[in-house]
Structure formats: C-alpha cells, structure tokens
Amino acid sequence: MKVTVLANYEPHAAKGLIQGSDREAALKTLYESVGGKMTALMFTRGKYDVIVHGEVPDQTAGMGLALAVRASGSVRDLVILEELDMKAVIAVAKKAAGAFKPAG
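Notes on the structure follow.

Thresholds applied
Residues numbered from 1 in each chain as written. Predicted model: local features only at pLDDT ≥ 70, side-chain atom pairs only at ≥ 80, totals over all residues. Heavy atoms only, no water. Helix = DSSP H or I, 4+ residues; strand = E, 2+ residues; numbered from the N terminus. Rg over C-alpha atoms; globule rule 2.2 N^0.38 Å. Buried < 20%, exposed > 50% of the residue type's maximum accessible area, 1.4 Å probe, protein only. Contact = heavy atoms within 4.5 Å. Areas by Shrake-Rupley, 256 points an atom, 1.4 Å probe, with all protein chains shown as cover.

### With respect to the overall build of the protein
Okay, so step 1: Tallying secondary structure elements over the protein gives four helices and four strands in all.
Okay, so step 2: In summary, the protein has a C-alpha radius of gyration of 18 Å against a globular reference of 13 Å for 104 residues, an excess of more than 25%.
Okay, so step 3: By principal-axis analysis of the C-alpha atoms, the protein measures approximately 60 × 30 × 25 Å.
Okay, so step 4: The burial tally for the protein puts 26% of its 104 residues in the buried class.
Okay, so step 5: At a minimum sequence separation of 6, the contacts of the protein that also span at least 24 residues come to 61%.
Okay, so step 6: For the protein, the computed accessible surface area is about 7200 Å², with 59% contributed by carbon and sulfur atoms.

Okay, here's the thing in structure tokens:
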C-alpha cells in the first residue's frame, strides 16, 4: 500500500534538524521496521515542513507507523494519505449508487 505522510516539526525536532539529525536514515529505518519502504523525502515550504512517500504492507502497519511518530512528540499536524485503486472504488460506488434510495 502506497502512503504519503505530511507533517510539521515541533520546535525541539526542528532544533534537531539544525544540529544535523539524519532524517532520511531515521525514516528509512522506521518504514523498514514495519515491513515497508520509504521511497522519497521532501522538506517543503508552505503548510507542511516535510512530505514522505513510502510503501507499507497494510493499514495496520501504516497506522502503527503513524502512532509511533505521534507518540514521539516530534511532529504535529500528521496526515497519512493512502493511495486508492480508483477503478475498484468506482466499481463499488456504482453498485452502491444503484442500491441507494435518497430521502425525498
């Protein structure tokens, strides 16, 4: 399952960046610990400080990864986006739309 993680660093974590903390190595290790793989790391300007693209085996691994990061206290505004198979989603939506009777 492909995931994109968006986050902002807390002040103490930003200080760690300035002091040379190797976030790429840390994130690679994090993803590997749940059976996944980090594929890209970007530091950005704007709404989020960092964007990480990666792959995890399933939702449980993705949520475990997110929970560990949240528990560290190093980031805020953590958002996990899961890539969807839109063909499969549209197929289910067509079935549901045919069965749904709206109010009124």
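Now that the structure has been shown, the text picks up again.
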